[in-house]
Amino acid sequence: MDYWNRLEAILLAALELDDADRPGYLDQACAGDAALRQEIEDMLAAHEDAQALSIESRLLADRPEFPSPEALIGSHIGPYRIKQMLGEGGMGMVYLATRDDAHYTQDVALKLVRPGYQNAEIHARFRTERQVLARLTHPNIAALLDGGMSADGRPYLVMPYIEGTPITTYCDEQMLSIADRLRLFRTVCAAVQHAHQNLVVHRDLKPSNILVTRDGTVKLLDFGIAKLLDPEQLGVSVAVTRSELRLMTPDYAAPEQVRGSDVTTATDVYALGVLLYELLTGHSPYRIERRVRQEIERVILEEEPARPSAVVTEVRALTSSDGTTHSLQPAEISRSRRTSVARLRSALQQDLDNVVMMALRKEPERRYASAEQFSADIERYLEGRPVIAQKDTLGYRMRKFASRNRTALSLGAGALLILLALSTVTTYQALRLSRQSTALAAQRDRARDEADKARQTTDFLLNIFNKADPNVNEGTPVTAIDLLDEGTRQMRVEFVDQPDLRAELLLEMGRIYDEIGRYATGDSLIHEAIDVLRDLFGPEHRRYALGVSRLAMHHTLTGELADADSLYDIAIAIQNTLQGEDRNDLANTYMSLAVVRFEQRQFAVAESLFTVSLDIKRALFGDVHHSVMQVLNGLGGTLVAQQKTDEAEPVLREALAIADSLGLEKQLAVTATKNHLGALLIGRKEYPEAEVLFRETLAIRRELYEPGHPAIATAVNSLAVALQNQYKFDEAEPLFAESVEIQRKVPGPRLGFALRNFAMLRRDQKRWDEAEALFKEAMDVLVEQFGPDHAQVQLTQSRLEESYRMRKEDQGG
């Protein structure tokens, strides 16, 4: 085995072992080779250092047989002439280069794999970075200009040369106020959110990767260690090893990175939290005395950082890049933010403290659900509105303390808890008699209130329904819409002094208006309900979160998916702080957000969200429950969309079995399950069986909904596809036309899909002009929804080009 390959194999194996087990392993693996043993021990010692990529740096250090990185200066790589060295990381070197061929001249940053390192994983990671950058098109992300292989077979990529300053340095040099820093930070969040929407996690967000140019433009750099949330979409497969998890900068690493757990978008949210902490306070969230791995891991995993408002009054030692230290004074920090120490502390207290600390929570699920939600909370702060971030409760902090100190608590420290418990019991016993009657009275009052509310609701509904009695309305026909409109008018009058009940009715009536396609009225009622709930309970209450979730569902129905996405993020952030029966609210919101992700064609993300929801539902209700059936339906449909038919079929069959056992054969959720199962059969070309399922679905939906409802359009379109595949063009044609007509009333991606399907029928009918016009209209709709580079847009373009070829062949061209 080549020396360096052998060294790498032993080193990576040693990294998998605990410290105590390494000496014995090295005795055996090095087999008396003292030089090899010393080299590996040096690398392991370097690995204990906090430098971000120390292991890989040692592995890739310049070897005697290869020229130094500076030797490339003046030479060419592809059409680029190397001018100077800009920097180097673990696996590559970055040069300032100039394109000086016949096409044009431009200064660029060229990143090149180090010489002589022939590890396939490094090359794969470098190629992955190139693919990642190619799909990220955002004004605040450094774009990919070019890429290729050097003459000696090393991959390289080319990006614009950014003359900028790390964001923290820029803010201090410009003496930006807190508000200006927050606005600049929101730009960073927008770039990160763009990456996340393209299923890419950066994993190494830090000031040196976030530059600000002279004109104040933020540029996010270096996706070199980005993790792909959906690698299959990029056609790459990157193995994850424990050593790879060290590819991070410890000062900005999230607890899950340190533990070696799954890295998700929440990992970048954490790094953004660290960045915001530094932008606001000038300090790092953690004080790490010994910069060795064990100490860094202990601090990040166990210690809670000081709140920003507290740390700005402290004097801390700051170590510069040249190794010198100086004391960072509170006056120095506040002066660079154009304020005084007292005013800075006051500005950070409460809301900004809570915002930063929410992003820095140890548990990923308790942070902001996305960079976009993080940014939205900052916007709320800047506008003087309530933020959704809330301070951790004493009970939560006590549970965390206990989990970190089990041994101590089981010994002497446990006595303290016993004393606290005895104190609590004694206090309770002293107060029990005086409070008992009050508690019973409170229970009676609550029960009486609920009974009154139920009675009032029943009386109200009965009064509304009486309007349909011919003896009351003198024989005038009354429709369901008439009853709803009358109910809305009366409800605002009768419950003006009962805002809690009025909010419930507003939400329910808004839902019904949405279900029958009266979206403008539904939107108005739901917004009114949310305003009432905010005033009554505040923006962190379960009831408020339910209202926000209901509004998100409204936006899903109207095709406003970005708005729905943001609202669901807000609801999830609130619901993640709740426990007990409220977990069902969280499961429902995860399920609803999964539907949005499905509509956005982010199937892998939707599958994960449905799975989380299903786990919660099964834990709450068992396996046979209506709620479980609904989630199985969504999960099955998502698996079908990913062509995971072997996984999807048992999921959908289970959903139908639950519906059958509960007598729910005609529910809307069941029709959706049959629709998904029919799509699965279409994929297998079992068209007659699919047609049967689609006809059953359409019959039930026509029975449940008025003509023109979007749910009917979906069923109509599915049946038309099954008929088209059986060459039943005459039967399919009016169904496609009906689907398009309905979808035109509800802007969104489904209109694009309906137009494309109708175009394909016209193409099969050789009605070329109509087909091509429909394809082009579908393209316009899908570009507006997803952007020009989305897979659905490209698929439609491909179908259009296919239509051109077929026309040419048909006409003898």
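Predicted model, so just to flag it, every value in this text is computed and none were measured.

On to the side chain of Asn209, then. Inspection of the secondary structure assignment puts Asn209 in the loop between strand E8 (200–201) and strand E9 (210–213). Given the relative accessible area of 6%, Asn209 is considered buried.

Let us now look at the packing of aromatic side chains. Going through the model one piece at a time under the given rule, you end up with 6 aromatic pairs. Of the aromatic side chains, those joined through ring pairs into one cluster are Phe185, Tyr368 and Phe374.

At a minimum axis distance of 9 Å, the contact between helix H23 (residues 519–537) and helix H24 (residues 542–557) shows a crossing angle of 165 degrees. In terms of axis orientation, H23 runs roughly antiparallel to H24. Classified by chirality, the crossing of H24 by H23 is left-handed. On the side of H23, the interface is formed by Tyr519, Gly522, Asp523, Ile526, His527, Ile530, Leu533, Arg534 and Phe537, while H24 contributes Arg543, Tyr544, Gly547, Val548, Arg550, Leu551, His554, His555 and Leu557. Of the residues in the contact of H23 with H24, the class split is 9 nonpolar, 5 polar and 4 charged.

Moving on to the sheet that holds strand E1 (residues 76–77). Consider a sheet: its strands pair through backbone hydrogen bonds, and that pairing is either parallel or antiparallel. Across the sheet, 6 strands lie side by side as E1-E2-E3-E4-E6-E5; this open sheet has antiparallel pairing. In this open sheet, the two strands that pair with only one neighbour each are E1 and strand E5 (146–149). Note: strand E4 (residues 105–113) against strand E6 (residues 155–160), 5 bridges, orientation antiparallel. Within E6, the position partnered with Val108 by the bridge is Pro160.

To continue, consider the confidence of the model for the chain. When the pLDDT values of the chain are averaged, the result is 77; 75% of them are 70 or greater. Looking across the chain, the model is least confident in helix H18 (residues 406–410), with a mean pLDDT of 39, and most confident in helix H10 (residues 265–281), with 95. Counting contacts from residues 49–64, a segment whose pLDDT is below 50, to residues more than four positions away or on other chains yields 45 contacts. Confidence over residues 467–473 falls short of pLDDT 50; this stretch has 11 contacts with residues more than four positions distant or in other chains.

Moving on: the environment of Asp215. Within the element layout of this structure, Asp215 appears in the loop between E9 and strand E10 (218–220). Spatially, the C-alpha atom of Asp215 lies 9.5 Å from that of Gly164, the residues being 51 residues apart in sequence. A polar atom in the side chain of Asp215 sits 2.4 Å from the side chain of Thr213. For Asp215, the side chain forms a polar contact with the side chain of Thr217, separated by 2.9 Å.

Although it is not a glycine, Arg338 adopts a positive phi angle of roughly 60 degrees. In this fold, Arg338 is placed in the loop between helix H13 (330–335) and helix H14 (341–348). A relative accessible area of 61% means that Arg338 is categorised as exposed. A positive phi angle is found at Gln643, which is not glycine, with a value near 65 degrees. Along the chain, the position of Gln643 falls in the loop between helix H28 (626–641) and helix H29 (645–662).

Cut-offs applied
Residues numbered from 1 in each chain as written. Predicted model: local features only at pLDDT ≥ 70, side-chain atom pairs only at ≥ 80, totals over all residues. Heavy atoms only, no water. Helix = DSSP H or I, 4+ residues; strand = E, 2+ residues; numbered from the N terminus. Buried < 20%, exposed > 50% of the residue type's maximum accessible area, 1.4 Å probe, protein only. Phe/Tyr/Trp six-rings, centres within 6.5 Å; stacked < 30°, edge-to-face > 60°. Axes fitted to C-alpha atoms, helices over the stretch in contact; angles between N-to-C directions. Parallel < 35°, antiparallel > 145°, perpendicular 65-115°, else oblique. Left-handed = near helix turned anticlockwise from the far one by under 90°. Contact = heavy atoms within 4.5 Å. Nonpolar A, V, L, I, M, F, W, Y, C, P; charged D, E, K, R; others polar. Pairing = 2+ DSSP bridges. pLDDT = per-residue confidence, 0-100. Polar contact = N/O pair within 3.5 Å; in protein donor to acceptor, adjacent residues only side chain to side chain.

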